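# Reading the structure
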Amino acid sequence: MSVLPSIRVFPDPVLRQKSIEVTHFDETLNRLIKGLSKVMESQRHGIGIAAAQIGVLKRVALVDISSRVPGAKRLILINPAILDAKRERNSREGCMSLPDYTGSLIRYDEIVIRYQDMSRRTQTYKAEGLEAICIQHEMDHMSGVLFFDRVSHLKRDLIPRAWRRQAN
Ligand SMILES: [Zn+2]
């Protein structure tokens, strides 16, 4: 039996630190990925998680949009890098580490990434739409960047989740 790692919530300083490359593809990495899966699955709207969000500063993230796009497969991204990006678009985002807000910001609609899988093989992958946005969001966590850093106008574009309830 293992304890579910807890989600780090802003302003926890670990969320502002940079993650380092994974060099050991070992049992510790497997355990980290299992822990990330459990935490992501425990959140009703969880479609992605980066290791930094549970306090592990390694370049590892999971992206799984299958709850919104049936058939989408889970991506386990180790040491990801963006090779190409196209078409800016607006994105409305939330984050498990910022539970009280959503934000409106600009992302790319299509990206090509390179990453390593759990067998250390290098993979290239093209993602579009929600999946592409989620990958960019999780990669930001690896640089200590949170979505509100990309919001152009905090008062206008950062929306407290409670605001919508009050407005109804
Ligand atoms: Zn996030």
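Each remark here, short or long, concerns the structure printed above.
Figured I'd write up the structure that's included with this text.

Definitions and cut-offs
Positions within a chain are numbered from 1, following the residues in the order the chain's sequence is written. Side-chain atom pairs in this predicted model are given and counted only at pLDDT of 80 or more, local residue features only at pLDDT of at least 70, and totals for whole chains, interfaces and linings cover all residues. Numbering goes from the N terminus for both helices and strands, where a helix is a DSSP run of H or I of at least four residues and a strand is a run of E of at least two. Every radius of gyration here is taken over C-alpha atoms, with the globule rule written as 2.2 Å times N^0.38, N being the number of residues. Put simply, a residue is buried when 20 or more other C-beta atoms lie within 10 Å of its own C-beta and exposed when 12 or fewer do; between those, it is partly exposed, and each C-beta is set from the backbone. Any two residues are considered in contact once their C-beta atoms, placed from the backbone, lie within 7 Å. The criterion for strand pairing is that DSSP finds at least two bridges linking the strands in question. To estimate how far a helix should extend, the number of its residues minus one is multiplied by 1.5 Å. Joined through C-beta atoms within 7 Å, a set of buried Ala, Val, Leu, Ile, Met, Phe, Trp, Tyr and Cys residues constitutes a nonpolar core.

On a plain count of helices and strands, the protein chain comes out with 4 helices and 6 strands. Counting from the amino terminus, the protein chain carries its helices and strands in the arrangement α-β-β-β-β-β-α-α-β-α. For 168 residues, the compact-globule estimate of 2.2 N^0.38 gives 15 Å, and the C-alpha radius of gyration of the protein chain, at 16 Å, lies within 12% of that figure. Once the C-alpha set of the protein chain is aligned to its principal axes, its extents read approximately 50 × 40 × 30 Å. The buried share among the 168 residues of the protein chain stands at 28%. For the protein chain, long-range pairs separated by at least 24 residues make up 63% of all intrachain contacts whose partners lie at least 6 apart in sequence.

What follows deals with the pairing of strand β3 (residues 75-95). In this sheet, β3 lies alongside strand β2 (residues 60-63) in antiparallel orientation, the contact comprising 4 bridges. For V63, the partnering residue across the bridge sits in β3 and is L75. Of the strand pairs in this sheet, β3 and strand β4 (residues 98-116) are connected by 13 bridges, and their pairing is antiparallel. Counterpart to E93 in the pairing with β4 is G103.

Further remarks concern helix α2 (residues 129-142). The end-to-end C-alpha distance of α2, which contains 14 residues, comes to 21 Å, matching closely the 20 Å that a straight helix rising 1.5 Å per residue would cover. Counting buried positions along α2 yields 11 of 14 residues, so the element is predominantly enclosed. Those residues of α2 that fall on the buried side of the exposure criterion are E131, A132, I133, C134, I135, Q136, H137, E138, M139, H141 and M142. Within two residues after α2, G144 carries a phi angle of roughly 75°, on the positive side.

The linkage connecting F10 with the following residue, P11, adopts the cis geometry, with an omega of 10°. Tracing the chain through its elements places P11 in the segment before α1 (27-42). For N79, which is not glycine, the phi dihedral falls at a positive 55°. Looking at where N79 falls in the secondary structure, it is placed in strand β3.

Right, let's talk about the environment of I65 for a bit. Position of I65 among the secondary structure elements: in the loop between β2 and β3. Given 22 C-beta atoms within 10 Å, I65 falls into the buried group. Considering only alpha carbons, one finds I65 and C134, 69 residues apart in sequence, at a separation of 8.4 Å. Excluding anything up to four places from it in sequence, I65 contacts I47, A72, L130, E131 and C134.

It is worth spelling out the nonpolar core at this point. Among the nonpolar cores identified, the biggest contains 30 residues, and A51, A61, L62, V63 and I135 are the most heavily contacted of them. Contributing elements (two or more residues each) for this core: α1, β1 (48-50), β2, β3, β4 and α2. When residues of this core are assigned to their parent elements, the largest contribution, 6 residues, is made by α2. Other than its neighbours up to four places away in sequence, A61 contacts G48, I49, A50, A51, L77 and E138.

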